[in-house]
Amino acid sequence: MAGPRVVVVGAGVVGAALAEELSAKGWDRITVVDQGPVPATGGSSSHAPGLVFQTNSSKTMTEMARYTVEKLSALGCFLQVGGLEVATTPERLRELRRRHGWATAWGVEAQLLGPDECVTRHSLLDRDRVLGGLFVPTDGLAKAVRAVDVQLARARDRGVRVLERQEVLDIRVVNGRVASVFTTGGEIPADVVVCCAGIWGPKVARMAGMSLPLTPLAHQLAWTGPVPDLAGQTEEAARPILRHQDADLYYRERFDRLGIGYYGHRPMPIAPEDIVSVDAAEVMPSMLPFTEDDFAPAWAETRSLLPGTRETKIEDGFNGLFSFTTDNMPLMGESPDVKGFWVAEAVWVTHSAGVGRAMAEWLADGHCSSFDLHECDVNRFEPHQLAPEYVQARGCQNYVEVYDVIHPLEPPATLRPLRTSPFYTRERELGAHFLEAGGWERPQWYESNAALLEGRDIPHPGDWAARHWSPIVAAEAQASRESVAMYDMTALKRIEVGGPGATAFLQRLSTGDVDKTVGSVTYCLLLDTDGGIRSDVTIARLGRDLYQVGANGNLDLDWFHRHAGDDVVIRDITAGTCCVGVWGPRARDVVAPLAGPDFAAGGVRYFRGTRGYVGSVPVTALRLSYIGELGWELYTTADLGAKLWDTLWEAGRPHGMIAGGRGAFNSLRLEKGYRSFGTDMTYEHDPWEAGLGFAVKPDKGEFIGRTALLQRRAAVRRRLTCLTIDGPEAVVMGKEPVYDGDHCVGYVTSAAYGYTIGKGIAYAWLPVELTEPGQTVHIGYFDRRIAAVVTAEPLFDPAMTRLRG
């Protein structure tokens, strides 16, 4: 017998994939349990229409979909008929070009088609309605129930036990660790429990004390009667699966009939506890009665787009339950409170095998090597994002927007404002245009700075990049370099680490040497055991056994908690504190008269910190700058935040001080080459590739990931590379493909216009051989190829004289 005792709750496509993948790694003490009959258990997998469109804005989701296609094809559970998305409006046609860029960037073959080519691929289309399309030849139809059956059969052959018609009643937890699962068939001992219960996931997770931000929502699927144009068709599907996203519709064939899926109706959420049992369901628990009135617009539009359907009628339909989350990403990982309780939830058939593989690697190897899971980790959420009202409201909004054209900066339309900094009132008075980050209202620019535009020649970035943009962004960036600006940095995560074991703890978790004098500030990385970057952080030593960590989000907090011993105290201090960055060549003129000699020339040096006062406000001051200018991050408690702002504002006005927004901030940080975790680098990248080798101190002693990292040093094949772009519309947005000739060789991460250097800036992952300064590549931006030149970084102040001044 090998491996721990594992109970997988749920025998749908995810549970079956996990059992198969985990048993393939040699674990054989696995039990899969489901309340329904296997393989059609009554959950979402049992009624899923099976359409697999691989293209996604997320690289991870696309890669998991691609693996699912490859695996299910090899198992005989996939009809590879291709996938066609059509545009009936100019806006959608432009969106399909963006989606083509994603597919290309992530390594999925895709083709842009004209109207005639679309009709050639799918002869039921009305040529006069279609402006163009996106065709992915490897998309198709997953046979979900067959996939369950085949994967469980393979798992059984390796010793996996499958128990059907046994409902999970409770999960026993002893001393903070799972011990067993109680079902209607008895108690099953367990060292590991993985919840793959789909729409019942929140109900099962609560048995282990875990809040799962998942909402089951009903989605309409209807079947036509015989379609004359499909008469005599002997193949289940001869044409591609079809999406008409302008009308929230998708289509698939079933011999001479069409299946029609519709997202355009009102959201219909249901609580997991209100889903009927397997025995009480008329057909199955996840299939609710069809509401014909909701479907009427879909049928009218279908008869217009596919004229052949005018000769038939709707014969059958149902409202099928699927899982939605607050950010449209799966929920994967271990409970923060109960060891051994894991979840793999909110996963559709499209990504099922990929998620199964990822979870198997995570469980068996301690980390996932096939996919970057930072967007999927269930511990990514802030506390407010687990509130039932928030979970349902955002889940319903995501249902409504599932096929909408969403701009990368588009803020949510509901539940705002949620989190506001102590500076919020002052920011509103200055005409801040707010976007949202982690629930925080964050200024993108300030209308009060419109007067700065006079005498400045501001390039326009083009229609798409100009959404959630104003020329004031450029003026704020330039003014920050010319005089001094205040930036609200409150939204950044702040973690306090203390106790007698704090220094040893941070030495073990980070790549930097933090065991330095009180007042030192260290930029370093958190790595996983494989040497991949989990986060980049700044660690300020405020006392012998006290540190403040500037982190990226809740995953860093979770990582700290998982590795802390009894001699370490960890506190998230974000909500109770605030931060303002005072940066620019005149920052010292503003701060020093208020704060004393430590802030004067010759005082606290770059990358040092101190505690003091700004006027009557006690502050923790760190001599850091995200924009590459002289200045400080000033922290205080939330109750004194407004006073801090007012004190600085009054002192700064004679020096031309402005408030700067996130738009300017992003431009300025890229001019300095500062990375942003989650965008520029993630779990799949190492420091050598990301240009962050300077943050690694291997000689300090052992730290998590050190051994693997040293082995990876000699195997660098790609690098995060600075590109510059000339021209009036030299702005891309991120996630675009990068070409060397006709071959896609990488993708863009961050991008902005550099208002100091007068060029567009894009960072991109490229093969090492294409990273020499002076080389030219091309960025695919909608229907254009934009020339970009590899350029040495940083682009601004490479000698660091302004920062250290």
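A. The sheet that holds strand 2 (residues 30-33), seen in detail. Reading across from one edge, 9-2-1-13-21-20 is the order of the six strands in this open sheet, with mixed pairing throughout. Looking at strand neighbours, the two that pair on one side only are strand 9 (161-163) and strand 20 (331-334), the edges of this open sheet. Across the sheet, the axes of successive neighbouring strands diverge by a mean angle of 15°, strand direction being ignored. Of the pairings in the sheet, the one linking strand 1 (residues 6-9) to strand 2 comprises four bridges and is parallel in character. Within strand 2, the residue paired with Val9 across the bridge is Val33. Lying over the sheet, helix 1 (residues 13-24) contacts strand 1, strand 2, strand 13 (192-195) and strand 21 (341-345), oriented at roughly 170° with respect to strand 2.

B. Structural context of the side chain of Glu476. Structurally, Glu476 can be placed in helix 12 (residues 471-482). Buried and unpaired, Glu476 has Arg653 as its nearest opposite-charge partner, separated by 11 Å. Excluding residues that lie within four positions of it along the chain, Glu476 makes contacts with Gln444, Trp445, Tyr446, Asn449, Tyr487, Ile658, Ala659, Gly660, Gly661 and Ala664.

C. Main features of empty space enclosed by the protein. Using the criterion set out here, one finds four cavities of 30 Å³ or more in the structure. Put simply, the largest cavity is a space of about 110 Å³. Surrounding the largest cavity, Arg442, Pro443, Tyr446, Tyr487, Asp488, Met489, Ala491, Leu492, Gly660, Gly661, Arg662 and Phe665 form its lining. Residue contributions to the lining of the largest cavity peak at three residues, all from strand 23 (residues 440-446). Its residues assigned to classes, the lining of the largest cavity comprises seven nonpolar, two polar and three charged.

D. Molecular detail of the sheet that holds strand 28 (residues 546-551). One open sheet holds the five strands; their spatial order is 26-27-28-25-29, and the pairing between them is antiparallel. The strands lining the two open edges of the sheet, one partner per strand, are strand 26 (521-527) and strand 29 (569-572). Sheet twist, expressed as the mean angle between neighbouring strand axes with direction ignored, is 30°.

E. Just the layout of surface pockets, in detail. For the second largest pocket, the calculated volume is near 770 Å³. Around the second largest pocket sit 33 residues that line it, and Trp362, Gly366, His367, Cys368 and Asp528 are the ones nearest its centre. At the level of elements, helix 3 (59-74), strand 20, helix 9 (352-365) and helix 14 (554-563) are the ones that each hand at least two residues to the lining of the second largest pocket. A total of five residues in the lining of the second largest pocket trace back to one element, the largest contributor, which is helix 3. A class-by-class count of the residues in the lining of the second largest pocket yields 10 nonpolar, eight polar and 15 charged.

F. Quick peek at the pattern of salt bridges. The full count for this structure, using the stated rule, is 52 salt bridges. Residue Arg257 is joined to Glu315 by a salt bridge in which the shortest nitrogen-to-oxygen separation is 3.6 Å. Remark: Glu315 occurs in strand 19 (residues 314-325) and Arg257 occurs in strand 17 (residues 257-262); sequence separation between them is 58 residues. Taking the relative accessible area as the measure of exposure, Glu315 reaches 47% and is therefore partly exposed.

G. Quick peek at the packing of helix 12 against helix 17 (residues 662-671). Running from amino to carboxyl end, helix 12 crosses helix 17 at an angle of 55°, the nearest separation of the two axes being 8 Å. Classified by the angle their axes make, helix 12 and helix 17 are oblique. Where helix 12 crosses over helix 17, the handedness of that crossing is right-handed. On helix 17, the residues touching Val473, Glu476, Ala477, Ser480 and Arg481 of helix 12 are Gly663, Ala664, Leu668 and Glu671. Broken down by class, the residue content of the contact of helix 12 with helix 17 amounts to four nonpolar, two polar and three charged.

H. Representation of helix 4 (residues 90-105) in the model. Between the first and last C-alpha of helix 4 there are 23 Å, a value that for 16 residues agrees with the 22 Å anticipated at 1.5 Å per step. Among the 16 residues in helix 4, 12 count as buried, and that is most of the element. Residues of helix 4 that are buried sit in contact with strand 5 (83-87), strand 6 (111-113), strand 7 (132-136), strand 15 (241-244), strand 36 (737-740) and strand 37 (743-754). One or two residues past the end of helix 4 sits Gly107, with phi positive at roughly 90°.

I. Layout of the packing of aromatic side chains. Applying the stated criterion to the full structure yields 26 aromatic pairs. Seen from their ring centres, Tyr250 and Tyr263 are 6.1 Å apart, and the 55° between their planes marks the pair as tilted. On the criterion of sequence distance, the pair formed by Tyr250 in strand 16 (residues 249-254) and Tyr263 in the loop between strand 17 and strand 18 (287-288) is long-range, its members being 13 residues apart. Taking relative accessible area as the criterion, Tyr263 reaches 7% and is therefore assigned buried.

J. Fine view of helix 13 (residues 502-509). Helix 13 sits mainly inside the fold: six of its eight residues count as buried. Looking only at helix 13, the buried set comprises Ala502, Thr503, Phe505, Leu506, Gln507 and Leu509. Among the structural elements, strand 25 (493-498), strand 26, strand 27 (533-543), strand 28, helix 14 and strand 29 are those in contact with the buried residues of helix 13.

K. A look at the side chain of Arg252. Within the fold, Arg252 resides in strand 16. Of the residues examined, Arg252 reaches a relative accessible area of 8% and is grouped as buried. A polar side-chain atom of Arg252 sits 2.6 Å from a polar atom in the side chain of Glu236. With sequence-adjacent residues up to four places away left out, Arg252 is seen in contact with Pro49, Leu51, Leu141, Trp223, Glu236, Ile241, Arg257, Leu258 and Gly259.

Parameters and conventions
- Residues numbered from 1 in each chain as written.
- Predicted model: local features only at pLDDT ≥ 70, side-chain atom pairs only at ≥ 80, totals over all residues.
- Heavy atoms only, no water.
- Pairing = 2+ DSSP bridges.
- Helix = DSSP H or I, 4+ residues; strand = E, 2+ residues; numbered from the N terminus.
- Axes fitted to C-alpha atoms, helices over the stretch in contact; angles between N-to-C directions.
- Contact = heavy atoms within 4.5 Å.
- Buried < 20%, exposed > 50% of the residue type's maximum accessible area, 1.4 Å probe, protein only.
- Lys, Arg positive; Asp, Glu negative; His and termini not counted.
- Salt bridge = Lys/Arg side-chain N within 4 Å of Asp/Glu carboxyl O.
- 1 Å grid on protein atoms, 1.4 Å probe; cavity = no way out; pocket = protein on both sides within 12 Å on 5 of 7 lines; lining within 4 Å.
- Points joined across faces, edges and corners; volume = space filled by probe spheres on them.
- Nonpolar A, V, L, I, M, F, W, Y, C, P; charged D, E, K, R; others polar.
- Parallel < 35°, antiparallel > 145°, perpendicular 65-115°, else oblique.
- Left-handed = near helix turned anticlockwise from the far one by under 90°.
- Expected span 1.5 Å × (residues − 1).
- Phe/Tyr/Trp six-rings, centres within 6.5 Å; stacked < 30°, edge-to-face > 60°.
- Polar contact = N/O pair within 3.5 Å; in protein donor to acceptor, adjacent residues only side chain to side chain.

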